[in-house]
Amino acid sequence: MESYGFTDAGPSRPRLSTSEAQTYLYPSSTKRPVREYQLAIARAALLENTLVSLPTGFGKTLIASVVMHNFGRWFPEGACAFVAPTKPLVEQQLRAFCETCGVSHLDCRVLTGEIPPAERRPLWRTARFFFCTPHIVNNDVNSGLADPHRFVCVVYDEVHHAHASGSEYARLAKLFRAREAKVRVLGLSATAGRDLHQVQMVVNVLAIARMHVYCEGDDELRPYSHVKEVSVETVADPEERPKLRTRLLAPARAAANRLAQAGVLGPYSGRPEDIEPAAVAAAERQLDAIAAQSAMRFSGMMTPAQVHELQKAHRLLSALHRAAAAAERRGARRGGAAEAAAGDESVDEDEEEASQRDAGEAEAEVARELAAARAEGLGHDAADELLEEVREWTASAFGGPRSEWQKILMKIGPLGELLRANFGRAAASRVIVFVRYRANVTQLCNHLARHSAADGVKAHAFVGRSRRADLRGGGAAGMDQAEQLRVLRQFRGGEFNVLVATSVAEEGLDIGEVDLIVCFDSVTSPIRLMQRFGRTGRKMDGR
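Cut-offs and rules
- Residues numbered from 1 in each chain as written.
- Predicted model: local features only at pLDDT ≥ 70, side-chain atom pairs only at ≥ 80, totals over all residues.
- Heavy atoms only, no water.
- Axes fitted to C-alpha atoms, helices over the stretch in contact; angles between N-to-C directions.
- Helix = DSSP H or I, 4+ residues; strand = E, 2+ residues; numbered from the N terminus.
- Parallel < 35°, antiparallel > 145°, perpendicular 65-115°, else oblique.
- Contact = heavy atoms within 4.5 Å.
- Nonpolar A, V, L, I, M, F, W, Y, C, P; charged D, E, K, R; others polar.
- Core = buried A, V, L, I, M, F, W, Y, C linked by side-chain atoms within 4.5 Å.
- Buried < 20%, exposed > 50% of the residue type's maximum accessible area, 1.4 Å probe, protein only.
- Expected span 1.5 Å × (residues − 1).
- Phe/Tyr/Trp six-rings, centres within 6.5 Å; stacked < 30°, edge-to-face > 60°.
- Pairing = 2+ DSSP bridges.

K.L.:
Would you take a moment to explain the packing of helix H6 (residues 168–178) against helix H7 (residues 196–206) for this structure?
P.N.:
Describing two packed helices takes the angle between their axes plus the distance from one axis to the other. Between H6 and H7, the least distance of the axes is 9 Å, while the angle of their chain directions is 30°. Here H6 is positioned roughly parallel relative to H7, judged by the angle of their axes. Contacts from Ala 170, Ala 173 and Arg 177 in H6 reach Asn 204, Val 205 and Leu 206 in H7. Its residues placed into classes, the contact of H6 with H7 shows four nonpolar, one polar and one charged.

Following this line, the structure appears as structure tokens:
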């Protein structure tokens, strides 16, 4: 008998059934013939902690089911856990496991926070296969509801989440090691990380000993692949909008010209947006010196009234410069945060709230500086008009929902043509349109209902469960698990044929046979891009 790395080292650990461990079981049927790459991965994963990276739709769940089922056979008193980042994924994987391996639902449990702790405790002791989020396992092991030594196998779905040291996956892996629990680990993902560093972090966190990585073009997968046509529709911006800095500093042109003519501004191109902050500060020091000399009545110097007018012009220029700097500084901060967030392939929608909060802070800071500029001669109406424009521009600078909708407006015509042609070719087609922000989901659904229903387009929103109100007063309401599953059933049944979705639809959910994916935005994360592409071409050719 091969050694599987488990011993009866402690009285509380499940014992290995030496008779059952002589063999392993693998499902096969005429409807589901054995695929050699799946069999090879499953055999390896029984022997060592394994990371499996397979494109979406190539059977990662079957491999996980085989490993869990056999460890359940080998350790009849042990527990196996399948952890996934969301509750809908948990429910989906339970159904797939029972169907694949013929395991009774009585031996399986979905554990969520909706089940009181007093009821979870006996379930952890008696059931054999658990399907839950890592948060539940972490909490219940830490609180003593679950015995970590009873676990013999843990499957981490969407394992790329484990790269962050503070993630629930990483916490769970560290917890098992700290309690000296001996578990077989299997990690699953379409992409294990956005770069080699992230992949290495996953390997380290989960103590991975073997990796199996496949791409769709590989020989082993080609017989089971479907064609995915990828096309790019380029939409031209009808007008080139000026940059935020240029618009903010336009009212300072006369003031800058006056300072330049007085010789206190240094080299000047005639464009106030080209003036460096250091030049503005130097002009202030020079004006202070001129004011002191004027007060002493030196011959040939400016009069105090002339100096006062120049200082007033400088204060206006300085206030508008600070306003532009405030917007640019916060815009850079938000941009950096967005890039960092792209490394954490989170599928929640906190990014939208953070973006709106940062935009609001930027608007408040710019408003303060515009109030200072108004005191130095900027007209009241001009200041109000400029502030309204700044609100639009800060949304653009932060990639917020408002600017996103401006972009979408330019794409609605091409989208309508695309959907009309798609449903003209295949009336039973299913489409997912990915939109970055929830605030735009409702608007896009409403637009399609008004303008594309005659073309056979029946659109419905699909968003995450968060019930937080949109900070600007719009956006689709959050959807709990029951609502999400209901919409997916209706989508598969044909009641809707277009899902307008946020990132919640990118990861793992069995959405059905989708033959067209439309991405309204550019995705900086390669993992998210692959997750989107993986929603089509699963059982038939896709685009």
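Next, the rest of the story.
K.L.:
Would you explain the nonpolar core in this entry?
P.N.:
One broad rule of soluble globular proteins: the nonpolar side chains tend to lie buried together. Leu 54, Met 68, Phe 71, Phe 97, Phe 131 and Leu 186 are the most contacted members of the largest nonpolar core, which has 41 residues in total. Elements that contribute at least two residues to this core include exactly helix H1 (36–47), helix H2 (60–74), strand E2 (79–83), helix H3 (87–101), strand E3 (108–111), strand E4 (129–132), strand E5 (151–156) and strand E6 (184–189). Here this core takes eight residues from H2, the largest share from any one element. Core analysis: the second largest hydrophobic core is formed by 37 residues, Ile 136, Ala 146, Tyr 169 and Val 202 among them.

K.L.:
How should I be thinking about helix H15 (residues 438–451) in this particular structure?
P.N.:
Along an α-helix, a turn takes 3.6 residues, which lines up residues three or four apart on a common side. If you check H15, its first and last C-alpha atoms are 21 Å apart, about what 14 residues at 1.5 Å a residue would give, namely 20 Å. Within the sequence span of H15, burial applies to Arg 438, Ala 439, Asn 440, Val 441, Leu 444, Cys 445, His 447 and Leu 448.

K.L.:
I keep staring at the packing of aromatic side chains and nothing clicks. Help me out?
P.N.:
Two aromatic rings are characterised by how far apart their centres lie and by the angle between their planes. Here the structure, examined in full by the defined rule, presents 10 aromatic pairs. Centre to centre, the rings of Phe 97 and Phe 129 are 4.9 Å apart; their planes meet at 50°, and the pair counts as tilted. Placement of the pair is Phe 97 in helix H3 and Phe 129 in strand E4, with a sequence separation of 32 residues. Residue classification places Phe 129 among the buried residues on the basis of a relative accessible area of 2%. Following the ring pairs from residue to residue traces out a cluster consisting of Phe 82, Phe 97, Phe 129 and Phe 131.

K.L.:
Before we go on, may I ask you to explain the side chain of Arg 73 in this structure?
P.N.:
As for its position among the elements, Arg 73 is in helix H2. Ignoring any residue separated from it by four or fewer positions in sequence, one finds Arg 73 in contact with Ser 17, Glu 20, Thr 23, Tyr 24, Leu 25 and Arg 128.

K.L.:
Sorry if this is basic, but what is going on with the sheet that holds strand E8 (residues 431–434) here?
P.N.:
Within a sheet, neighbouring strands are paired by backbone hydrogen bonds and run either parallel or antiparallel to one another. Ordered by their spatial adjacency, four strands build an open sheet running E9-E10-E8-E11, and the pairing between neighbours is parallel. This sheet does not close on itself; its edge strands, each paired only once, are strand E9 (459–462) and strand E11 (516–519). Shown here is a sheet whose adjacent strand axes are inclined to one another by a mean of 20°, direction ignored. Relative to E11, E8 runs parallel, the two sharing four bridges. Note on E11: the bridge partner recorded for Val 431 is Leu 516.

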